[in-house]
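Residue-level listing of the chains:
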Amino acid sequence: MKNKYLKTLTDGVVTENPLFRLVLGTCPALAVSSAVANGFWMGLMVIFVLTFSNMLISALRNFIPDKIRIPCYIVIIATFVTIVDLLMAAYMHEMHKTLGIFIPLIVVNCIILARAESFASKNSILHSAVDGIGMGLGFMAALMIVATFREVLGNGTFFNIRVLPAGFPVAKVMVEAPGAFITLGLVLGLINLITARSKTA
Amino acid sequence: MEENKLIVLSAPHFKSPLTTKKIMFTVILALIPAAAASVVFFGIKALLHILISVVAAVATEFVVQKLLKKKINITDGSAILTGLLMGMNLPAGAPLWIGAVGSIFAIAVVKEAFGGLGQNFMNPALAARAMLLAAWPSQMVSWVTPIDAIATATPLAIAKAGVPDTATLPLLWDMFIGFVGGSLGETSALALMIGGIYLIYKEIIDYRIPLSFLGTVFVLATIFGVDGINSGLFHLLGGGVMLGAIFMATDYVTSPSTAKGRWIYGIGCGLITILIRFWGGYPEGVSFAILLMNICAPLIENYTLPTKFGKVAKVK
Amino acid sequence: MKFISILLAGILINNFIFVRFLGICPFLGVSQKVETAVGMGVAVTFVMTVASGITWLIQHYVLDLFGIPYMQTVAFILVIAALVQFVEMVIQKTSPTLYQALGVYLPLITTNCAVLGVTVLNIQSDHNFFYAMVNGFAAALGFLLAITLMAGVREKLEFSNIPKSLQGFPMAFITAGLMAVAFYGFQGLFKDFLVL
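Residues numbered from 1 in each chain as written. Chains lettered and ligands numbered in written order. Predicted model: local features only at pLDDT ≥ 70, side-chain atom pairs only at ≥ 80, totals over all residues. Heavy atoms only, no water.

**Q** What should I look at first to understand the overall build of chain C in this one?
**A** Counting its secondary structure elements, chain C contains nine helices and zero strands. Computed over the C-alpha atoms, the radius of gyration of chain C is 18 Å, within 12% of the 16 Å expected from 2.2 N^0.38 for a compact globule of 196 residues. The burial tally for chain C puts 60% of its 196 residues in the buried class. A separation threshold of at least 6 residues defines the contact pool for chain C, and within that pool the share at least 24 residues apart is 78%. In the form shown here, chain C has an accessible surface area of approximately 7,800 Å², with 68% of it arising from carbon and sulfur atoms. Across chain C, the mean location of the 8 positive side-chain charges is 7 Å away from that of the 7 negative side-chain charges. (Helix = DSSP H or I, 4+ residues; strand = E, 2+ residues; numbered from the N terminus. Rg over C-alpha atoms; globule rule 2.2 N^0.38 Å. Buried < 20%, exposed > 50% of the residue type's maximum accessible area, 1.4 Å probe, protein only. Contact = heavy atoms within 4.5 Å. Areas by Shrake-Rupley, 256 points an atom, 1.4 Å probe, with all protein chains shown as cover. Lys, Arg positive; Asp, Glu negative; His and termini not counted. Charge placed at Lys NZ, Arg CZ, Asp CG, Glu CD.)

Below, the structure written as structure tokens:
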């Protein structure tokens, strides 16, 4: 039994990492990965929404009519997104402003609807919660990995702590749009390479 | 890799007796006058910029091809050409490492990641230049005056800054010879034109793209120019339009191969150049114009193909 | 003047894909072929324009009136989902050929974050009803432009010998990154004339 949950957890973080393996949730991944702290908070919010929406959808899975299940899922997800949105606005005002539009847009983050449809609607509440945590953690880790490259090279800092000497000519473009696309592309390529290597080895 | 060996790519040079190597070295030869002019005007720093860029480009090509276990073809001259263009697109006052970073990006990301020679969709040197400009905006506009290397603005930047003042604007003759601030390779219109005429004479490049590009810039600048100073001639001789129109926009791989497509492509380059120069945020728009038209090139080519199916467009 | 400003900003200067990162999923997912990319772009254009209008009305005549602005996310996404359903049904009934061409993409539009994004941005930037719709239309045209250009490039890259681990998504991202650099050329365009 224990094993099943552990597997779900590692699936979410590693083997089925939502960003790196399934390439879901790319919009927020590009937008908020300019700084590690942004990635961390976005990841945290996604974990929250994903876990609770998974649990609720799993709990209601026998009551939601099949035909209108997608709108039902969306309403459930949107409710939790509104909750984190308000929580962030109240307690993390600066971060709320930085992430801006991408907080309400968690609703249309494909990861969450995809997990609702493919996992929570078929599994127990506890198992769905574990899946939500695993997938959320995986997304958070992926965001923070991409953000590390971008923040260090583009701003000379890591989690807002200066790591490169002050005079270092940081590449401003890394924290801007082209840097986002190219970094994510290269990191995805690198991960493909590592997976291919580890499979043959 | 194996299964792709039979695919002949759209590059027109496969259809003529010219080899890639011959084309590349002819273009390099045509660039020599402009490169020499830059060394004359900007001194040893220009030479260093160009050498570092070329060495970095060739070394990156070698390393990437080795890593990808491909055939090493650094002697075909394409990496040298990319490095040379990279170096010539730098301002003389830029730090020396910047050309190396640009060349590495150009070869590794813009060219080899897309499959190498003939398969990239953007001109590597130009994409790298735009990337450098976005990454290090202050270093990439450190223009200096020729000979005495005092910090200065380019003619285009002066014209952009406000009401053009005849006293501060350089003489058109100086701009023609190259006695103005600017990227290393773009200052001397004369040297670039010598190279361009040589390339057209040797039938390496088609006259259509340079002609329509330069023509559009001239006509639009004449129409929208102010007080005769921001004139057509000024915009032909200032900035990178000569270098771009002759050596970068004509890149086989990233421009349309149909005759009609080339007219459209050249006019598009000219239009965007003027749009950015007159109303954009940057003083110079040539590199962005060519990059944007690089993006449009596949669509232009598709819609100007003479026959719909089966036949590869004939290229003169 | 404001009309043109919004159009230019949406299409070139603040392009949803290359500057704002909205609508990336369909931009990457449906850009292998020019034809389908255009189809997707047109469908999105229609939905974004209409959704901008309807959500504006909802915001001002329902949410604000009843003092429940925090219901914005829930209300908007429901409106968009319903609208997409509705559009799908109308097209199916009136033009079977168009439905055949767009049918597959229509349900996908609900989760296109460009749609929800533009409706929320409309409210944030205090546009009136007309300009909200213009803004939705402009942003959608920017999406249409981006996805069409991307598809053109990707059709060309189909024959490229791309290293194995970069094939597919990684290459699509790098391509988009290079296109985003080229779009830098439009930064600050007409900044003396634009009224935003």
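**Q** I tried to follow the overall build of chain B on my own but got confused; where do I start?
**A** Regarding its fold elements, chain B presents 13 helices and zero strands. In chain B, the succession of α and β elements from N to C terminus is α-α-α-α-α-α-α-α-α-α-α-α-α. Per-residue burial over chain B gives 59% buried out of 316 residues. When the accessible surface of chain B is summed, it comes to about 12,900 Å², and 71% of that surface belongs to carbon and sulfur atoms.

**Q** Looking at this model, I keep getting lost on unusual backbone geometry. Mind explaining?
**A** Comment: phi is negative for the bulk of residues other than glycine, and the bulk of peptide bonds are trans. The phi dihedral of Val23(A) falls on the positive side, at around 50°, and the residue is not glycine. If you trace the backbone, Val23(A) turns up in the loop between helix H1 (2-15) and helix H2 (26-32). Looking at Val23(A), the relative accessible area reads 11%, which means it is buried. The phi angle at Asp126(C) is positive, at roughly 55°, despite the residue not being glycine. As for its position among the elements, Asp126(C) is in the loop between helix H7 (113-124) and helix H8 (129-157). We classify Asp126(C) as exposed; its relative accessible area is 67%.

**Q** Help me understand the interface of chain A and chain C in this model?
**A** Often, the extent of an interface is quoted as the loss of accessible area upon association of its parts. If you look at the interface, chain A gives 34 residues, while chain C gives 32 residues. Carbon and sulfur atoms make up 84% of the surface buried where chain A meets chain C, a total of about 2,900 Å² over both sides. For chain A, the biggest contributors to the area lost against chain C are Ile101(A), Val108(A) and Phe181(A); these three give 21% of the whole. At the boundary of chain A and chain C, one finds two residue pairs in polar contact (both at pLDDT 80 or more). Those elements that provide at least two residues to the side of chain A that touches chain C are H2, helix H4 (69-91), helix H6 (110-120) and helix H8 (177-200) of chain A. (Buried area = accessible area lost by both parts, 1.4 Å probe. Polar contact = N/O pair within 3.5 Å; in protein donor to acceptor, adjacent residues only side chain to side chain.)

**Q** Quick question: what am I supposed to make of the packing of aromatic side chains here?
**A** Evaluation of the coordinates by the stated rule reveals 21 aromatic pairs over all chains. Three or more aromatic residues joined by ring pairs make a cluster, and in this case those are Phe40(A), Trp41(A), Phe158(A) and Phe159(A). (Phe/Tyr/Trp six-rings, centres within 6.5 Å; stacked < 30°, edge-to-face > 60°.)

**Q** Can you help me understand the pattern of salt bridges in this one?
**A** Oppositely charged side chains can form a pair if their charged atoms are brought close together. All names here are of chain A. The full count for this structure, using the stated rule, is eleven salt bridges over all chains. Where Asp-131 meets Arg-115, a salt bridge forms, and the shortest distance between an N and an O atom there is 3.0 Å. One end of the pair, Asp-131, is in helix H7 (residues 125-155); the other, Arg-115, is in helix H6, with 16 residues separating them in the sequence. You can call Arg-115 buried: its relative accessible area is 10%. (Salt bridge = Lys/Arg side-chain N within 4 Å of Asp/Glu carboxyl O.)

**Q** What is the right way to read H8(C) from this model?
**A** Note on helix geometry: an α-helix contains 3.6 residues per turn, so any two residues three or four positions apart are oriented the same way. All names here are of chain C. End to end, H8 covers 42 Å across 29 residues, agreeing with the expected 42 Å (1.5 Å per residue, within 8%). Within H8, 21 of the 29 residues are buried, leaving the element largely enclosed by the surrounding structure. N-cap assignment for H8: the residue whose side-chain oxygen lies 3.2 Å from the backbone N of Phe-130 is Asn-128. (Expected span 1.5 Å × (residues − 1).)

**Q** I keep staring at the environment of Leu105(A) and nothing clicks. Help me out?
**A** Examined against the element boundaries, Leu105(A) turns out to sit in the loop between helix H5 (93-99) and H6. Relative accessible area serves as the criterion here: at 5%, Leu105(A) is assigned to the buried category. In sequence terms Leu105(A) and Leu30(A) are 75 residues apart; their C-alpha atoms lie 13 Å from each other. With residues up to four places along the chain from it excluded, the contact list for Leu105(A) reads Leu22(C), Cys113(C), Leu116(C) and Gly117(C).

**Q** Hey, could you run me through the confidence of the model for chain C in this one?
**A** Predicted coordinates in regions of low pLDDT should not be interpreted in detail. Across chain C, the average pLDDT comes to 89, with 97% of residues at or above 70. For this predicted complex, the interface confidence reaches an ipTM of 0.91, while the overall pTM sits at 0.91. (pLDDT = per-residue confidence, 0-100.)

**Q** Before we go on, may I ask you to explain the packing of helix H3 (residues 34-63) of chain C against helix H4 (residues 72-94) of chain C in this structure?
**A** Angle between the axes and distance between the axes: these two values describe a pair of packed helices. Residue and element names in this part refer to chain C. The geometry of H3 relative to H4 is characterised by a closest axis approach of 10 Å and an angle of 140° between their N-to-C directions. By the angle class used here, H3 and H4 are oblique. Our pair here, H3 against H4, has a crossing hand that is right-handed. On H4, the residues touching Phe-46, Val-47, Val-50, Ala-51, Ile-54, Thr-55, Ile-58, Gln-59 and Leu-63 of H3 are Gln-72, Ala-75, Phe-76, Val-79, Ile-80, Leu-83, Val-84 and Val-87. Split into classes, the residues belonging to the contact of H3 with H4 amount to 14 nonpolar, three polar and no charged. (Axes fitted to C-alpha atoms, helices over the stretch in contact; angles between N-to-C directions. Parallel < 35°, antiparallel > 145°, perpendicular 65-115°, else oblique. Left-handed = near helix turned anticlockwise from the far one by under 90°. Nonpolar A, V, L, I, M, F, W, Y, C, P; charged D, E, K, R; others polar.)

**Q** For this particular structure, what's the right way to read the interface of chain B and chain C?
**A** Between chain B and chain C, the contact holds 36 residues from the first and 31 residues from the second. For the chain B and chain C pair, buried surface summed over both sides reaches about 2,900 Å², with 75% attributable to carbon and sulfur atoms. Along the contact surface separating chain B from chain C lie zero salt bridges. The interface formed by chain B and chain C holds six residue pairs in polar contact (both at pLDDT 80 or more) in total. Secondary structure elements with two or more residues in the side of chain B that touches chain C: helix H4 (97-111), helix H5 (124-135), helix H12 (259-279) and helix H13 (286-303) of chain B. A per-element tally of the side of chain B that touches chain C places H13(B) first, with nine residues. The residue inventory of the side of chain B that touches chain C, partitioned by class, reads 27 nonpolar, eight polar and one charged.

**Q** Whenever I open this one, helix H8 (residues 189-201) of chain B confuses me. Can you help?
**A** Residues and elements named next belong to chain B. Its 13 residues give H8 an end-to-end C-alpha distance of 18 Å, which sits within 8% of 18 Å, the value for a rise of 1.5 Å per residue. Turning to H8, its buried residues are Ala-189, Ala-191, Leu-192, Gly-195, Gly-196 and Leu-199. The arc that holds the buried residues of H8, viewed along the axis, is 160°, so those residues lie on one side. Residues of H8 that are exposed and angled more than 90 degrees away from the buried face: Ile-197 and Tyr-201. Residues of H8 that are buried in the fold lie against helix H1 (20-42), helix H7 (172-177), helix H10 (232-237) and helix H11 (241-248). Just past H8, the residue Glu-203 takes up positive phi, approximately 60°. (Arc of directions from axis to C-beta.)

**Q** Where do I start with the environment of Thr119(C) in this structure?
**A** Residue and element names in this part refer to chain C. Here Thr-119 shows up in helix H7. C-alpha of Thr-119 to C-alpha of Leu-144: the two residues are 25 residues apart in sequence and 17 Å apart in space. When sequence neighbours within four positions are dropped, the list of residues in contact with Thr-119 reads Ala-51, Ser-52, Thr-55, Phe-76 and Ile-80.

**Q** Can you help me understand a nonpolar patch on the surface in this one?
**A** Residues and elements named next belong to chain B. A grouping of Ile-200, Tyr-207, Leu-211, Trp-263, Ile-264, Ile-267 and Leu-271 is seen on the molecular surface, where their side chains present a nonpolar patch of about 600 Å² in accessible area. Ranked by the residues each element gives to the nonpolar patch, the list is headed by H12, at four residues. Relative to the assigned elements, Tyr-207 resides in the loop between H8 and helix H9 (208-224). (Patch = residues over 30% accessible without salt bridge, like charges linked within 9 Å, V, L, I, M, F, W, Y side chains within 5 Å.)

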